[in-house]
Amino acid sequence: MASPPSRPAGQASQASTWPQFLIGQPEQPVRVLLVDDDPHMRRVMSQELLGDARMHLVGQGCSVREGRRLIALHEFDVMLVDLNLGDGTGFQLIEYMKTMRPVAEAVVVSAMEDEEHAIHAFELGATGYLLKNSWFGNFPQAVLQVVNGGASITPNLARRLLRRLDGQAQGPRGILQPGRFSPGGERLSEREREILRLVASGYTSGEIGKRLTISAQTVNTHIKNTYRKLQVRTRAQAVNLATMRGLLY
């Protein structure tokens, strides 16, 4: 039986110095799924992942169809996904993944540089967006960032998103506006923000009702009003958009 390939000394050293309290230890590596229709890019990413003892590449695909099959077949922690797939888009896979594996993280790796694509990916539940031609880090680093509760965004895209959000936060005379408004311009009530914070913490409508001494039906009414104000359709979308816009704090 052939012996497994040896890992580069530098990456083995990275794994040995990785703090024990963080997710991604050599004895329990982060499980990664990779979907990209560019063979060269897929090879580059897979080589980086296979070369890091903190990573376990559980499967690779090149299409929406293959991605769906892999998502249903494998247990995994993070999916690296391109947006431009031959038979569809990475958006479709992120939505499907969040249905099948709701606790898994999604990191977009794409050549599409406009902010609209990034914001849409975040609304669907992605926690990372890397531009293929502008990524200064490495793919294991991005995986470790999101699986440990952070976000991974290519620096120049992050700067553009910050400028965009800063522009939205200022009024017509450049005066900074309060950050409690939804995309449609309506202010979220304090109760709606309180319930949304509890939704973000994983509580069900019934559990939220008990904590706030209101009925589950009243909770759902507040959630529906929040959907309308944020112009979203799911709890995950509401939480992601509200977090990104600073509406929960």
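Structure: above.
A short tour of the structure in this document, coming up. Note that the structure is a prediction, hence the values are computed from the model and not measured.

1. Let's talk about the overall build of the protein
A count of helices and strands for the protein gives 11 helices and eight strands. For the protein, the residues scored as buried account for 42% of the 249 residues in total. For the protein, the share of sequence-separated contacts (at least 6 apart) that also reach a separation of at least 24 residues comes to 64%. Counting every atom, the protein has about 13,100 Å² of accessible surface; 53% of that belongs to carbon and sulfur.

2. Side note on the pairing of strand E2 (residues 55-61)
Burial analysis of E2 places five of its seven residues in the buried class, which makes it a mostly covered element. Both strand E1 (residues 30-35) and E2 contribute to a ladder of six bridges, which runs parallel. Within E2, the position partnered with Val35 by the bridge is Gly61.

3. Side note on the nonpolar core
Core analysis: the biggest nonpolar cluster contains 29 residues, and Ile71, Phe76, Met79, Leu93, Ile94, Val108 and Tyr129 have the highest contact counts within it. Where this core is concerned, the elements lending two or more residues are E1, helix H3 (64-73), strand E3 (78-81), helix H4 (90-100), strand E6 (105-110), helix H5 (115-124), strand E7 (128-131) and helix H7 (155-168). When neighbours within four sequence positions are excluded, Ile71 is seen to be in contact with Leu33, Phe76, Met79, Leu93, Tyr96, Met97, Met100 and Arg101. By size, the runner-up hydrophobic cluster in this structure holds 21 residues, among which are Leu49, Leu57, Val107 and Trp135.

4. A few points about the packing of aromatic side chains
As enumerated under the stated definition, the model contains zero aromatic pairs in all. It is Arg54 that lies over the ring of Trp18; its NZ or CZ is 4.9 Å from the centre. Here the guanidinium or amino end of Arg68 rests over the ring plane of Tyr96, the centre of that ring lying 4.6 Å away.

5. Let's talk about the packing of H4 against H5
Relative orientation of the contacting elements H4 and H5 amounts to 15 degrees, with a least axis distance of 9 Å. On the basis of their axis angle, the class for H4 and H5 is roughly parallel. Crossing geometry of H4 relative to H5 is assigned as right-handed. In contact with Phe91, Ile94, Glu95 and Lys98 of H4, H5 contributes His117, His120, Ala121 and Leu124. Partitioned by chemical class, the residues of the contact of H4 with H5 number four nonpolar, two polar and two charged.

6. So, empty space enclosed by the protein
Evaluation of the coordinates by the stated rule reveals one cavity of 30 Å³ or more. Considered as a void within the structure, the largest cavity measures approximately 30 Å³ in volume. Taken together, Glu192, Ile195, Leu196, Val199, Ile223, Thr226, Tyr227 and Ala238 make up the lining of the largest cavity. Breaking the lining of the largest cavity down by element, the ones donating at least two residues are helix H8 (190-200) and helix H10 (216-230).

7. So, the layout of surface pockets
There is about 890 Å³ of room inside the largest pocket. Lining the largest pocket are 33 residues, with Phe122, Gly125, Thr127, Ala236 and Asn240 positioned closest to its centre. Mapped by element, the contributors of at least two residues to the lining of the largest pocket are H4, H5, H7, H8 and helix H11 (235-244). At seven residues, H11 tops the list of elements feeding residues into the lining of the largest pocket. Split by residue class, the lining of the largest pocket holds 20 nonpolar, eight polar and five charged.

8. Examining H3
Regarding H3, the residues found buried are Val64, Gly67, Leu70 and Ile71. Projected onto a plane normal to the axis of H3, the buried residues spread over an arc of 125 degrees and lie on a single side. Away from its buried face by more than 90 degrees, H3 exposes Arg65 and Leu73. Elements that come into contact with the buried residues of H3 comprise E1, E2, E3, strand E4 (84-85), strand E5 (88-89) and H4.

9. Focus: the side chain of Thr226
Inspection of the secondary structure puts Thr226 in helix H10. At 2.9 Å, the side chain of Thr226 forms a polar contact with the backbone oxygen of His222. The residues contacting Thr226, other than those within four sequence positions of it, are Leu188, Glu192 and Leu196.

Reading the values: rules and limits
Residues numbered from 1 in each chain as written. Predicted model: local features only at pLDDT ≥ 70, side-chain atom pairs only at ≥ 80, totals over all residues. Heavy atoms only, no water. Helix = DSSP H or I, 4+ residues; strand = E, 2+ residues; numbered from the N terminus. Buried < 20%, exposed > 50% of the residue type's maximum accessible area, 1.4 Å probe, protein only. Contact = heavy atoms within 4.5 Å. Areas by Shrake-Rupley, 256 points an atom, 1.4 Å probe, with all protein chains shown as cover. Pairing = 2+ DSSP bridges. Core = buried A, V, L, I, M, F, W, Y, C linked by side-chain atoms within 4.5 Å. Phe/Tyr/Trp six-rings, centres within 6.5 Å; stacked < 30°, edge-to-face > 60°. Lys NZ or Arg CZ within 6 Å of the ring centre and 35° of its normal. Axes fitted to C-alpha atoms, helices over the stretch in contact; angles between N-to-C directions. Parallel < 35°, antiparallel > 145°, perpendicular 65-115°, else oblique. Left-handed = near helix turned anticlockwise from the far one by under 90°. Nonpolar A, V, L, I, M, F, W, Y, C, P; charged D, E, K, R; others polar. 1 Å grid on protein atoms, 1.4 Å probe; cavity = no way out; pocket = protein on both sides within 12 Å on 5 of 7 lines; lining within 4 Å. Points joined across faces, edges and corners; volume = space filled by probe spheres on them. Arc of directions from axis to C-beta. Polar contact = N/O pair within 3.5 Å; in protein donor to acceptor, adjacent residues only side chain to side chain.

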